[in-house]
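# Chain and residue survey
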Amino acid sequence: TGLPNRALFIDRVRTALVRAPRYAWSTAVLAINLDHFADLAIRLGDGSADKLLLEVAQRLEVTLRPYDSVSRPVDTLARLGGDRFLLLCEDIADEAAASAVANRIEAMLRDPITIGPEVVRLSAAIGITITRDPDHDPETLILEAETAMRRSRTRGSGRHEPFAPEMRAELRARFADEEALRLALVGEQFYVAYQPKVSLVTEHTNGVEALLRWNHPERSEEH
């Protein structure tokens, strides 16, 4: 797609946060994840799925605000990989303005896209986070947007959701789980258990299931 990657996006977010207090504006990050793209990719095939992603990227770029008077872009679009995109909006007034950006994206995605013989209609789950704190960590800002995006997905297709304070507990739990998994790998807490599969008709064992177990030191002996 030719879009910035995560590293460049984080650098742009960091710069935006430092610059924001000087102009008394807010910084917003939107996490965009296409709905049911994996199913579409299977239906279309890899080549056509790539063309679809390219078309989506180009349409998303059209929703960006134009350069300002000193030729500085106030919006940055990045692709994380697959069907995941991030949008940075500098010089954003408030959550309502960020929500208006999400509405434009949703409207753009509703327009049908023709890929070969197929006509595709898309929607996306969008998470929004916004801050005026220049010390806000860029990585955390992205995680907040992605947390809100996941909450949006649980409520149906084609929706956007702002990050809310109560989601911080979900974010902390995710951090804790990721750290616990890293420690489990280092501490060799995982092991494989085998469970027989028995036919109810013949009462004979006709196979086994291999199950990965986590011998967690605090939660339980087997998790």
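Residues numbered from 1 in each chain as written. Predicted model: local features only at pLDDT ≥ 70, side-chain atom pairs only at ≥ 80, totals over all residues. Heavy atoms only, no water.

## Overview of the overall build of the protein chain
Helices and strands together make up the secondary structure of the protein chain, namely 6 helices and 9 strands. By the compact-globule yardstick of 17 Å for 223 residues, the protein chain is too spread out, its C-alpha radius of gyration being 22 Å. Its C-alpha atoms give the protein chain principal-axis dimensions of roughly 75 × 50 × 30 Å. Across the 223 residues of the protein chain, 39% fall into the buried class. The long-range share in the protein chain, meaning contacts at least 24 apart out of those at least 6 apart in sequence, stands at 62%. (Helix = DSSP H or I, 4+ residues; strand = E, 2+ residues; numbered from the N terminus. Rg over C-alpha atoms; globule rule 2.2 N^0.38 Å. Buried < 20%, exposed > 50% of the residue type's maximum accessible area, 1.4 Å probe, protein only. Contact = heavy atoms within 4.5 Å.)

## Here's the deal with a nonpolar patch on the surface
Taken together, the side chains of Val192, Tyr194, Val208 and Leu212 make up a nonpolar region of the molecular surface, amounting to roughly 460 Å² of accessible area. If you list the elements that add at least two residues to the nonpolar patch, you get strand E8 (190-198) and strand E9 (205-214). The residue Leu212 is located in strand E9 in this model. (Patch = residues over 30% accessible without salt bridge, like charges linked within 9 Å, V, L, I, M, F, W, Y side chains within 5 Å. Areas by Shrake-Rupley, 256 points an atom, 1.4 Å probe, with all protein chains shown as cover. Salt bridge = Lys/Arg side-chain N within 4 Å of Asp/Glu carboxyl O.)

## Some points on the sheet that holds strand E6 (residues 124-131)
If you walk across this open sheet you meet the 5 strands as E2-E3-E1-E6-E7, and the pairing is mixed. Two strands close off the open sheet at either side, each with one partner strand: strand E2 (75-81) and strand E7 (160-162). On average, each strand axis in the sheet is inclined to that of its neighbour by 20 degrees, with strand direction left out of account. Across 6 bridges, the pairing between E2 and strand E3 (residues 84-92) is antiparallel. Bridging from a neighbouring strand, Arg79 pairs with Phe85 of E3. (Pairing = 2+ DSSP bridges. Axes fitted to C-alpha atoms, helices over the stretch in contact; angles between N-to-C directions.)

## Structural notes on the packing of helix H5 (residues 138-154) against helix H6 (residues 167-186)
Packed helices, taken two at a time, are described by the angle their axes make and the gap between the axes. For the pair H5 and H6, the least separation of the axes is 10 Å and the interaxial angle reads 110 degrees. In terms of orientation, H5 and H6 fall into the roughly perpendicular class. Between H5 and H6, the contacting residues are Leu143, Glu144, Glu146, Thr147, Ala148, Arg150 and Arg151 on the first element and Met167, Arg168, Glu170, Leu171, Arg174 and Phe175 on the second. Across the contact of H5 with H6, the residue classes tally to 5 nonpolar, 1 polar and 7 charged. (Parallel < 35°, antiparallel > 145°, perpendicular 65-115°, else oblique. Nonpolar A, V, L, I, M, F, W, Y, C, P; charged D, E, K, R; others polar.)

## Quick notes on the pairing of strand E1 (residues 26-34)
E1 sits mainly inside the fold: 9 of its 9 residues count as buried. Residues Ser26, Ala28, Leu30, Ile32 and Leu34 line one face of E1 and the alternating positions Thr27, Val29, Ala31 and Asn33 line the opposite face, and both faces are buried. Pairing between E1 and E3: 7 bridges, direction antiparallel. Considered in E3, the bridge of Leu30 is made with Leu87. Summarising the sheet, E1 and E6 pair through 8 bridges and their orientation is antiparallel. By the bridge assignment, Ala31 is partnered in E6 with Gly127.

## Brief notes about the packing of aromatic side chains
Overall, the coordinates contain 1 aromatic pair when judged by the stated rule. Centre to centre, the rings of Phe190 and Trp214 are 5.5 Å apart; their planes meet at 45 degrees, and the pair counts as tilted. Of the two residues, Phe190 is situated in strand E8 and Trp214 in strand E9; the sequence distance between them amounts to 24 residues. The class of Phe190 is partly exposed, set by a relative accessible area of 25%. (Phe/Tyr/Trp six-rings, centres within 6.5 Å; stacked < 30°, edge-to-face > 60°.)

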